[in-house]
Amino acid sequence: MAKKSNRDGKAPTQRMLRVGEQFRRILSEVLQRGDVHDPELNRMSITVGEVRMSPDLSIATAFILPLGGQGKEEALAAMRRNRYEIRHLVVKGGTMKFAPELRFEIDGTFDQMDATRALLAEDHVRQDIDD
C-alpha cells in the first residue's frame, strides 16, 4: 500500500523544519546582498519570516513582508516575478540536491500579533487577566 502524500494537518517533521530554516536563512542572505538582477526588488527591504516545506520537500512556501509593511503587493509581485532566479541562487548557496518549487505568500504573523495585543488590551479581557 502506498504512503499518503498528504500529512492531513499533522505537525511538520524535523527534516521539513531543518530544510525550511536553511532555505529561509539563505533566502534572507540573497535578498540582503541584492544578488537578484531586479532593481525594483533590490531597493526593497524584505523580511523572510518563515519557509514551510512540503512533506516531500518539493515545494517551499516563503512567507515574506516588506519592512514597515508598506507595498506588500508590489513586493509579492516582484518576488514572484523573479522566483526562478531566486530559486537558483538559494539552491546554489545551500547543500540541497534538488531545487524545490518556490512560492511566496504575505506573512500575516505581525497582523495576528497586533490583533492579539488589541484583544488583550480590551477592558473585559483585562479584567479577567488581572484577577
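Refer to the structure above for everything that follows.
Residues numbered from 1 in each chain as written. Predicted model: local features only at pLDDT ≥ 70, side-chain atom pairs only at ≥ 80, totals over all residues. Heavy atoms only, no water.

Caption draft 1: View of the pattern of salt bridges. Counted by the stated rule, this structure contains 9 salt bridges. When the shortest N-O distance is used, the salt bridge between E50 and R52 registers 3.1 Å. Classification of E50 by relative accessible area gives partly exposed; the value is 33%. By relative accessible area, R52 is classed as partly exposed at 46%. Connected through salt bridges with shared partners, the residues E21, R24 and R25 form a single ionic network. (Salt bridge = Lys/Arg side-chain N within 4 Å of Asp/Glu carboxyl O. Buried < 20%, exposed > 50% of the residue type's maximum accessible area, 1.4 Å probe, protein only.)

Caption draft 2: Up close: the sheet that holds strand β1 (residues 46-53). Taking strand neighbours across the sheet as the criterion, the 3 strands line up as β1-β2-β3 in an open arrangement whose pairing is mixed. Of all the strands in the sheet, the pair left with one neighbour each is β1 and β3 (101-106). Each strand axis lies, on average, 30° off the axis of its neighbour in the sheet, ignoring direction. As defined by bridge partners, β1 adjoins strand β2 (residues 59-66) across 7 bridges and the pair is classed as antiparallel. Each bridged residue has a counterpart across the sheet, and for E50 the counterpart in β2 is F63. Helix α1 (residues 14-33) contacts β1, β2 and β3 of the sheet and is inclined by roughly 155° relative to β1. Against the sheet, helix α3 (residues 72-81) makes contact with β1, β2 and β3, and its axis sits at roughly 180° relative to β3, the strand it touches most. (Pairing = 2+ DSSP bridges. Helix = DSSP H or I, 4+ residues; strand = E, 2+ residues; numbered from the N terminus. Axes fitted to C-alpha atoms, helices over the stretch in contact; angles between N-to-C directions. Contact = heavy atoms within 4.5 Å.)

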